[in-house]
Amino acid sequence: MPVNRNALIRYRTIDNCLRNRYKRWTLEDLIDACSDALYEFEGIDKGVSRRSVQADIEMMRSNKLGYEAPIIVVDRKYYTYADKNYSITNSPISQQDMQVLSEVSGLLKQFKGFNHFADLNEMVSKLEDKIYSQKTHCPPVVDFERNDNLKGLEYIEGIRKAIVAQKTLCVTYQSFKAREASTFCFSPYLLKEYRNRWFILGMRHGRGGHLLNLALDRIESIEEHEDVYRENTVIDLTTYYNDVIGVTKSLGQRDCEVVFWIDNANAPYIITKPLHHTQKFLMEENDGKVFSIKVILNYELERELLGFGSKIKILRPRILVKQIKQNLARALERYNHVEALANNVVEEK
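Residues numbered from 1 in each chain as written. Predicted model: local features only at pLDDT ≥ 70, side-chain atom pairs only at ≥ 80, totals over all residues. Heavy atoms only, no water.

With that settled, the discussion passes to the sheet that holds strand E10 (residues 288–295). Here 4 strands make up an open sheet; going across it, the order is E9-E10-E8-E11 and the pairing antiparallel. Strands at the two margins of the open sheet, each flanked by one partner only, are strand E9 (280–285) and strand E11 (312–316). Neighbouring strand axes in the sheet, compared pairwise and without regard to direction, differ in orientation by 25° on average. In this sheet, E10 lies alongside strand E8 (residues 256–263) in antiparallel orientation, the contact comprising 8 bridges. Residue pairing in the sheet places Asp263 in a bridge with Gly288 of E10. (Pairing = 2+ DSSP bridges. Helix = DSSP H or I, 4+ residues; strand = E, 2+ residues; numbered from the N terminus. Axes fitted to C-alpha atoms, helices over the stretch in contact; angles between N-to-C directions.)

With that settled, the discussion passes to the nonpolar core. Core analysis: the biggest nonpolar cluster contains 46 residues, and Ile159, Val171, Leu214, Phe260, Leu275, Ile293 and Leu301 have the highest contact counts within it. Those residues in contact with Ile159 that sit more than four places away from it in its chain are Leu169, Pro188, Leu191, Ile200, Leu216 and Ile222. (Core = buried A, V, L, I, M, F, W, Y, C linked by side-chain atoms within 4.5 Å. Buried < 20%, exposed > 50% of the residue type's maximum accessible area, 1.4 Å probe, protein only. Contact = heavy atoms within 4.5 Å.)

Further remarks concern the sheet that holds strand E3 (residues 168–173). Sheet architecture is open: 5 strands sit in the order E6-E5-E4-E3-E7, paired in antiparallel fashion. The open sheet is flanked by strand E6 (211–215) and strand E7 (219–225), the only strands paired with a single partner. This sheet shows a mean twist of 45° between the axes of neighbouring strands, independent of strand direction. Summarising the sheet, E3 and strand E4 (residues 182–194) pair through 5 bridges and their orientation is antiparallel. Bridge pairing links Thr172 to Thr183 in E4. Across the sheet, helix H6 (residues 156–165) touches E3, E4, strand E5 (197–204) and E7, and the angle it forms with E4 is around 100°.

A separate point is the side chain of Glu304. With respect to the element layout, Glu304 can be found in helix H8 (residues 299–306). When its relative accessible area of 18% is taken as the criterion, Glu304 is described as buried. Setting aside anything within four residues of it in sequence, one finds Glu304 in contact with Tyr194, Arg195 and Leu275.

We now examine H6. Among the residues of H6, those classed as buried are Ile156, Ile159, Ala162 and Ile163. All buried residues of H6 fall inside an arc of 130° around its axis, so they share one side. Contacts from the buried residues of H6 go to E3, E4, E5 and E7. The first or second residue beyond H6 is Gln166, which carries a positive phi of 55°. (Arc of directions from axis to C-beta.)

Overall, the prediction assigns the protein a mean pLDDT of 86, with 89% of residues at 70 or greater. The lowest-confidence element of the protein is helix H4 (residues 95–109), averaging 71 in pLDDT; the highest-confidence one is E10, averaging 97. (pLDDT = per-residue confidence, 0-100.)

Omega for the bond connecting Arg316 with Pro317 falls within 30 degrees of zero, at 10°, which places this linkage in the cis form. Topologically, Pro317 is positioned in the loop between E11 and helix H9 (318–348). A positive phi angle is found at Glu68, which is not glycine, with a value near 50°. Here Glu68 is to be found in the loop between helix H3 (50–61) and strand E1 (71–74). Unusually for a residue other than glycine, Asn196 sits at a positive phi of about 70°. On the secondary structure map, Asn196 appears in the loop between E4 and E5.

What follows covers helix H2 (residues 27–42). If you check H2, its first and last C-alpha atoms are 22 Å apart, about what 16 residues at 1.5 Å a residue would give, namely 22 Å. Within H2, the full set of buried residues consists of Leu27, Leu30, Ile31, Ala33, Cys34, Ser35, Ala37 and Leu38. With its phi angle positive at about 75°, Gly43 sits one or two positions after the end of H2. (Expected span 1.5 Å × (residues − 1).)

The subject of this paragraph is the environment of Gly288. Among the structural elements, Gly288 can be located in strand E10. Each C-alpha atom of the pair Gly288 and Ile262 lies 5.5 Å from the other, and the pair is 26 residues apart in sequence. What Gly288 contacts, discounting residues up to four positions off in sequence, is Trp261, Ile262, Asp263 and Asn264.

Empty space within the second largest pocket amounts to approximately 800 Å³. Forming the boundary of the second largest pocket are 26 residues, of which Phe199, Asn213, Val247, Thr248 and Glu300 lie nearest the centre. Looking at the lining of the second largest pocket, the elements that each hand over two or more residues are E5, E6 and H8. Examining the composition of the lining of the second largest pocket, we find that 5 residues originate from one element, E6, more than from any other. (1 Å grid on protein atoms, 1.4 Å probe; cavity = no way out; pocket = protein on both sides within 12 Å on 5 of 7 lines; lining within 4 Å. Points joined across faces, edges and corners; volume = space filled by probe spheres on them.)

Moving on, we get to the packing of aromatic side chains. Two measures describe an aromatic ring pair: the distance that separates the ring centres and the angle between the ring planes. For the structure on display, the rule yields 7 aromatic pairs. A centroid spacing of 4.9 Å and a plane angle of 75° characterise the contact between Tyr81 and Tyr86, whose relative ring orientation is edge-to-face. Tyr86 shares its class with Tyr81; the two are buried. Note on Phe260 and Phe291: the rings are 5.9 Å apart at their centroids and 25° apart in plane angle, and the pair reads as stacked. (Phe/Tyr/Trp six-rings, centres within 6.5 Å; stacked < 30°, edge-to-face > 60°.)

Here you go:
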């Protein structure tokens, strides 16, 4: 089904363009974007005709595929969505989409069991479950972890393309600590997921350019820039996150051995789902077990350990023991404050 597949690529491309309201899209712009997408995904280099894109727009506007896209023309020249929140990805999956998904699922299943494609198993299960629920109109039988309100996911494909093509990005970004957003040039190297949040690792341009890890949900806008792309000559991307829990890491940081005790009731959870791939069992005590991991000390590690509450005790390094104790002391202080307020309310009554 090459024709259908090519049409779907064009629909997705037009949708991505019209969702980007930071640019005004002429018909020629949409033709160029569709031509680039077909070359990237299908190797088709003959481009797309004006008539094809016009027909695609009319098809998207219609109900034939269930889209009914509110595409309008502004100033008799620029195409956009009347509803800024609209996307064909929010529409019910069409019969054409279902057929393509079934083909993709069948292809991916052929690679299940191969060591090099072990990561595909979960993807295939998600896809098959989605196809099942759509075809049978029954609720899904597998409930995967997800965050439907997560911001920034719309940037993933654009960032991936920029990494592959080695294109510089102009990013407007505001961290949780910053009072206002800042705009800068950025050479992207790697997309990283951690606990349903997405991050992009790359090099910030300018004097003293340094590695930055940006959360996609803090990005306000992103687009390609003509500034020269800075190739990665600093780190090995395949191993960069091997010594860390989470994504917080700086160049030059060294890992250290973190030794912790955990009670017998919770030890099975640690054994069946290790905190880190370096985890080792060290010894058994009467009321618990002692393990070690070799990681960089960061915020995500502390949060992971604090999540076990009184069930865990950090034995070393001393700097981490001190940090955990301070966190627990502050938490206890807050609870004591809440308890004191509650007692005052009772006395006043």
